[in-house]
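Structure at a glance
The chain contents come next:
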Amino acid sequence: MRSHYCGEITEKLVQETVTFCGWVHRRRDHGGVIFLDVRDREGLVQVVFDPDTVEAFNTADSVRSEYVIQVTGLVRPRPAGSENDNMTTGKIEILGKEINILNKANTPPFPLDDYSPVGEDVRLKYRYMDLRRDEMQHNLRFRHKVTMQIRNILDQQGFLDIETPILTRATPEGARDYLVPSRTHQGSFFALPQSPQLFKQLLMVSGFDRYYQIAKCFRDEDLRADRQPEFTQIDMEASFINEDDIMGAAESMAKAIFKEQLDIDLGDFPHMPYSEAMSRYGSDKPDLRIPMELVDVAEFLQDIEFKVFAGPAKDPKGRVAALKVPGGAELSRKQIDEYTKYVSIYGAKGLAWIKVNEIEKGVEGLQSPIIKFIGDDNTMKIMEKIEAKNGDIVFFGADKETIVNEALGALRVKLGLDLNMLTKEWAPLWVVDFPMFEETSDGGLTAIHHPFTAPSCSPEELKADPANALSRAYDMVLNGCELGGGSIRIHDQEMQKVVFEILKISEEEQQEKFGFLLDALQFGAPPHGGLAFGLDRLIMLMTGADSIREVIAFPKTQSAACVMTAAPGEVPAKNLREVGIQVRAKETK
């Protein structure tokens, strides 16, 4: 039906006759001459219809926005002064000879030729129209290029692309599973995989040595800008490797992708222990573009009478930290109140502050309602430790360590973005030496990653002091976003037994949830480890999109629904009976 794509018709084809197809992007009538901008996935081309070609002219006169047409015409240079250097086809136009309307179109729900932002619900309802926009076309084509490069890189490194099941059984991986009832085994359910974790370990036991998969994963959890109920993961696993091996392979791949697609050299990725990341930045995925750090100041506040500070300062599980914001003294009281409201999202009960006006005058040069509670001497010691300068504002967090870290860590990022404090465009790093376990609300321990992550100590050492044990886990972070994470896995039965004992997972529960993996470990499992990248998140960062919904063809809303297909939806009672399910009527209040 066509000889060329619209965006491929350039000055090299002048005086040639071409045929192309596409959508009418824009129609203009200039004094009896009709101009059509026709669009396909490769770009736009301008077509001119003169009244001399009566039939073609009349047809062109009848077309409207988003009509699907086929055009045959002669390529000619644009008149001098009318070239458009912003278009690949900007030096030529097509003198239309024939036009065929392949399909008419209703008035679009939003204009594509002069797009202005519309509500996301409208965009997602008419996603097939939204995807025609240049921005969305670019994002998905860019995603394709990155995916192809990933496949080529991993193939060259000896990784085998092997698919794993979508219908599997529920395993404990930190989020709720999406469940699928079985018709042939009524009362039993499949679970959609949160990751291919157990299967990729089995592939290592099977001797495939290096595996990868661009896998669909599913998690029934509360959503946000960088989360979806179904998402795509670049999954990797390898045998007979250590942390440096798998991290090196992942880092080299990330650097190659950025260099090829964006011509950006990420450089070598620094390594930072988890404890240092939490202490300095309040986050296990710190944004190193922002030149601010948290500083512990509890040492100056343990003996004051002000319990808001003294309590956490004395509590082994508490923290009192200061965040110095250069130039922040210009913030108004209204802005400070807005930031106070912001940190309350993370459980902070307030946001104390001190403005530094003239540090050389001592406390007389400071402005704050809390100095009288802290005391002049303690205040100046804090100012000295954080190296406060004129024009700074210092924010304080005092509470349980987790709350202070989350609140001040998030405030640090928000202030850095709001005040344009970024020192570089890209800041990658590895966060390593994660704790093996974290304490639960009832005083027990739970695995920070999953129960198959290997600790960095012996079984005896792990059993003796599990609360302080470190894991062989690692996360790749870019601009404050966790791009991927993984670990060296447990391949030794004795170590796996100790981990289960610490987690208080009984032998019966072990066999019920992942007995097939434990059985496999008895048949000569090699040392192995892996890593998984979030592909959606990677593309979001590389394209500068605000949300992963901008780089997924058909995403769900933040309520995990598809407004285009009206999913999820009710199903006929007959289908429910076939799988042995009865839906309870909604309770009316």
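Please refer to the structure placed before this passage.
What you see is a predicted model; the values in this text were computed from it and never measured. (Residues numbered from 1 in each chain as written. Predicted model: local features only at pLDDT ≥ 70, side-chain atom pairs only at ≥ 80, totals over all residues. Heavy atoms only, no water.)

What follows deals with helix α7 (residues 274–281). In an α-helix, one full turn covers 3.6 residues, which means residues spaced three or four apart are oriented alike. Turning to α7, its buried residues number three or more, namely Tyr-274, Ala-277, Met-278 and Tyr-281. Down the axis of α7, the buried side of the element spans an arc of 105°, and every buried residue falls inside it. Where the residues of α7 are buried, they touch β11 (271–273), β12 (294–296), β13 (318–325), α12 (401–418) and β17 (428–432). (Buried < 20%, exposed > 50% of the residue type's maximum accessible area, 1.4 Å probe, protein only. Helix = DSSP H or I, 4+ residues; strand = E, 2+ residues; numbered from the N terminus. Arc of directions from axis to C-beta. Contact = heavy atoms within 4.5 Å.)

Let's shift gears to the sheet that holds strand β9 (residues 210–218). Taken in spatial order, the eight strands of this open sheet run β6-β9-β10-β22-β21-β20-β17-β11, and their pairing is mixed. Single-partner strands in this sheet number two, and they are β6 (160–161) and β11. Of the pairings in the sheet, the one linking β6 to β9 comprises two bridges and is parallel in character. Bridge assignment links Leu-160 to a residue of β9, and that residue is Tyr-211. Helix-sheet contacts for helix α6 (residues 243–262) involve β10 (230–239), β11, β17, β20 (473–478), β21 (481–488) and β22 (528–534), and the interaxial angle to β20 is about 15°. The strands touched by helix α16 (residues 535–543) are β9, β10, β20, β21 and β22; relative to β21, the strand with the most contacts, the crossing angle is about 145°. (Pairing = 2+ DSSP bridges. Axes fitted to C-alpha atoms, helices over the stretch in contact; angles between N-to-C directions.)

Take the sheet that holds strand β14 (residues 352–356) next. Through backbone hydrogen bonds, the strands of a sheet pair up, either in parallel or in antiparallel fashion. Spatially, five strands are ordered β12-β13-β16-β14-β15 in an open sheet, and the strand pairing comes out antiparallel. Two strands lie at the open edges of the sheet, namely β12 and β15 (366–367), each paired on one side alone. Pairing of β14 with strand β16 (residues 393–400) involves four bridges; the strand directions are antiparallel. Residue pairing across strands places Lys-355 opposite Ile-393, the latter belonging to β16.

A few words on helix α11 (residues 376–385). Within the span of α11, buried status applies to Asn-378, Thr-379, Ile-382 and Met-383. In an axial view of α11, the angular spread of the buried residues amounts to 140°, which keeps them on one side of the axis. Exposed side of α11, more than 90 degrees from the buried face: Asp-377 and Glu-384 are the residues found there. Contacts made by the buried residues of α11 are with β14, β15, α10 (371–374) and β16.

What follows deals with the packing of aromatic side chains. Enumeration over the complete set of coordinates arrives at 13 aromatic pairs. Seen in terms of ring centroids, Phe-452 and Phe-500 are 6.3 Å apart; in terms of plane orientation they differ by 90°. Their pairing is edge-to-face. On the criterion of sequence distance, the pair formed by Phe-452 in the loop between β19 (445–447) and α13 (459–464) and Phe-500 in helix α14 (residues 493–502) is long-range, its members being 48 residues apart. Of the residues examined, Phe-452 reaches a relative accessible area of 4% and is grouped as buried. Centre to centre, the rings of Phe-500 and Phe-514 are 5.4 Å apart; their planes meet at 5°, and the pair counts as stacked. Taken together, the positions of Phe-500 in helix α14 and Phe-514 in helix α15 (residues 507–521) put the pair 14 residues apart, joining distant regions of the chain. Neither residue differs from the other here; Phe-500 and Phe-514 are each classed as buried. Three or more aromatic residues link up through ring pairs in this structure, and these residues are Phe-306, Phe-309, Phe-373 and Phe-396. Sitting over the ring of Tyr-115, Arg-133 keeps its end group 4.1 Å from the ring centre. Note that Lys-355 overlies the ring of Trp-353, its terminal NZ or CZ placed 6.0 Å from the centroid. (Phe/Tyr/Trp six-rings, centres within 6.5 Å; stacked < 30°, edge-to-face > 60°. Lys NZ or Arg CZ within 6 Å of the ring centre and 35° of its normal.)

Looking now at a negative patch on the surface. Together, Glu-460, Glu-461, Asp-492 and Glu-494 give the surface a local cluster of negative charge. By secondary structure assignment, the location of Asp-492 is in the loop between β21 and α14. A relative accessible area of 35% means that Asp-492 is categorised as partly exposed. (Patch = residues over 30% accessible without salt bridge, like charges linked within 9 Å, V, L, I, M, F, W, Y side chains within 5 Å. Areas by Shrake-Rupley, 256 points an atom, 1.4 Å probe, with all protein chains shown as cover. Salt bridge = Lys/Arg side-chain N within 4 Å of Asp/Glu carboxyl O. Lys, Arg positive; Asp, Glu negative; His and termini not counted. Charge placed at Lys NZ, Arg CZ, Asp CG, Glu CD.)

Of note, the bond from Ala-567 into Pro-568 is cis; its omega dihedral lies within 30 degrees of zero at 0°. Residue position: Pro-568 is located in the loop between α16 and α17 (573–578). Even without glycine at this site, Glu-387 takes up a positive phi of about 55°. Take Glu-387: it is sitting in the loop between α11 and β16. Taking the relative accessible area as the measure of exposure, Glu-387 reaches 53% and is therefore exposed. Despite not being glycine, Asn-420 shows a phi value in the positive range, around 55°.

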